[in-house]
Amino acid sequence: MKPTAEQLLAAKDTTIPDISGPGLRVLFCGINPGLWSGATGHHFARPGNRFWPALHRSGFTGRQYRPDEQRELLALGLGITNVVPRTTAKADELTAEELREGGAALRARVLRLRPRVLAVLGIGAYRTAFGQRRAVPGRQPEGIGGTEVWVLPNPSGLNAHYTLDGLAEEFRRLREAVEDRPVEGPAAGNRSMEA
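Only a predicted model underlies this, so the values are computations on that prediction, with no experimental measurement involved. (Residues numbered from 1 in each chain as written. Predicted model: local features only at pLDDT ≥ 70, side-chain atom pairs only at ≥ 80, totals over all residues. Heavy atoms only, no water.)

Novice: I'm lost on the overall build of the protein chain in this one. Help?
Specialist: Broken down by element type, the protein chain carries 6 helices and 7 strands. Ordered by position from the N terminus, the helices and strands of the protein chain form the series α-β-α-α-β-α-β-α-β-β-β-α-β. Radius of gyration (C-alpha) of the protein chain: 16 Å, near the 16 Å computed for a compact globule of 195 residues. Counting only C-alpha atoms, the protein chain reaches 50 × 40 × 30 Å along its principal axes. Among the 195 residues that make up the protein chain, the fraction classed as buried is 49%. Contacts in the protein chain between residues at least 24 apart in sequence constitute 74% of all its contacts with a sequence separation of at least 6. Surface accessibility of the protein chain: about 9500 Å² in total, with carbon and sulfur atoms responsible for 52%. (Helix = DSSP H or I, 4+ residues; strand = E, 2+ residues; numbered from the N terminus. Rg over C-alpha atoms; globule rule 2.2 N^0.38 Å. Buried < 20%, exposed > 50% of the residue type's maximum accessible area, 1.4 Å probe, protein only. Contact = heavy atoms within 4.5 Å. Areas by Shrake-Rupley, 256 points an atom, 1.4 Å probe, with all protein chains shown as cover.)

Novice: Mind showing me how you'd approach the pairing of strand β6 (residues 148-152) here?
Specialist: Regular strands have side chains that alternate between both faces of the sheet. Counting buried positions over the 5 residues of β6 gives 5, a clear majority of the element. In β6, alternate side chains face the same way, and those of E148, W150 and L152 on one face and V149 and V151 on the other are all buried. Pairing geometry for strand β3 (residues 117-121) and β6, over 5 bridges, is parallel. If you follow V120 over to β6, its bridge partner there is V151. Sheet topology places strand β4 (residues 138-139) next to β6; 2 bridges connect them, and they run antiparallel. Bridge pairing in β6 places G138 opposite V151. (Pairing = 2+ DSSP bridges.)

Novice: Sorry, what's going on with the pairing of strand β2 (residues 78-82) here?
Specialist: Within β2, 5 of the 5 residues are buried, leaving the element largely enclosed by the surrounding structure. Side chains L78, I80 and N82 project from β2 onto one buried face, and the interleaved G79 and T81 project onto a second face that is buried too. Relative to β2, strand β1 (residues 26-30) runs parallel, the two being bridged by 5 bridges. Directly across from G30, in β2, lies its bridge partner N82.

Novice: Just to check I follow, could you spell out the nonpolar core for this structure?
Specialist: The nonpolar side chains of a soluble globular protein tend to be buried with one another. V26, F28, F51, W52, L55, F171 and L174 are the most contacted members of the largest nonpolar core, which totals 23 residues. At the level of elements, β1, α3 (51-57), β2, β3, β6 and α6 (164-180) are the ones that each hand at least two residues to this core. The element contributing the most residues to this core is α6, with 5 residues. Sequence-distant contacts of W52, that is, excluding residues within four places in its chain, are made with H43, F44, Q64, Y65, R66, P67, Q70, L73 and I80. Within the second largest apolar cluster, 20 residues are counted, among which are L24, L94, L99 and A129. (Core = buried A, V, L, I, M, F, W, Y, C linked by side-chain atoms within 4.5 Å.)

Novice: Help me out: how do you make sense of helix α5 (residues 123-130) in this one?
Specialist: Each α-helix turn comprises 3.6 residues. Residues three or four places apart therefore point the same way. Of all the positions in α5, only A125, Y126, A129 and F130 are classed as buried. Buried residues in α5, looked at end-on, bunch into an arc of 100°, giving them a common side. In the core, the buried residues of α5 are packed alongside α4 (96-113), β3 and β6. Backbone geometry just downstream of α5 places G131 in the positive-phi region, at approximately 65°. (Arc of directions from axis to C-beta.)

Novice: Would you mind going over the sheet that holds β6 with me for this structure?
Specialist: Sheet strands line up and pair through hydrogen bonds in the backbone, either parallel or antiparallel. Reading across from one edge, β2-β1-β3-β6-β4 is the order of the 5 strands in this open sheet, with mixed pairing throughout. Every interior strand has two partners, whereas the edge strands, β2 and β4, have only one. Summarising the sheet, β1 and β3 pair through 4 bridges and their orientation is parallel. Residue F28 lies in a different strand from β3, and its bridge partner there is A119. Against the sheet, α4 touches β1, β2 and β3, its axis set at about 155° to β2. The sheet strands contacting α6 are β1, β3 and β6, and the helix crosses β6 at an angle near 165°. (Axes fitted to C-alpha atoms, helices over the stretch in contact; angles between N-to-C directions.)

Here's what the structure looks like:
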């Protein structure tokens, strides 16, 4: 369904439900939902967003799912949340304070749900939300409780730094790490940023 201009306008500052549950393999975390997602109720719904193709090309899914099939990810041990829940036309409409508050709420959510990995999709948002100014993409040195934290590129079509192949490669690195990691406890040396 393609939202009308009126539906997109009405979606501003709304929220959509997370796709999550306890004990997921990976909880993917967007910056915040866009207006298209707000209007449809589906994460990464805007055509041109490369989350779904990258997820498939990396081997997380056996086929490319559509945004309206998002709940099927749960059976694969995958989920979706956001740093900030409110919808905006662009992520740069969010304030640093919103991102920091969202980071605190996300930390609490992760401690409650205990996914094996939290994968934040956007280095700038991660740096601000978690106060990690020097963070680089990939596995982070600090986890949240027993959850590893990874930072992956933002899959938005506006992110010109990564091609779809480049995104899929970053997602693939995460998938391989998750498959190689034993189920019990965090990897050795993974400090926690619980406090």
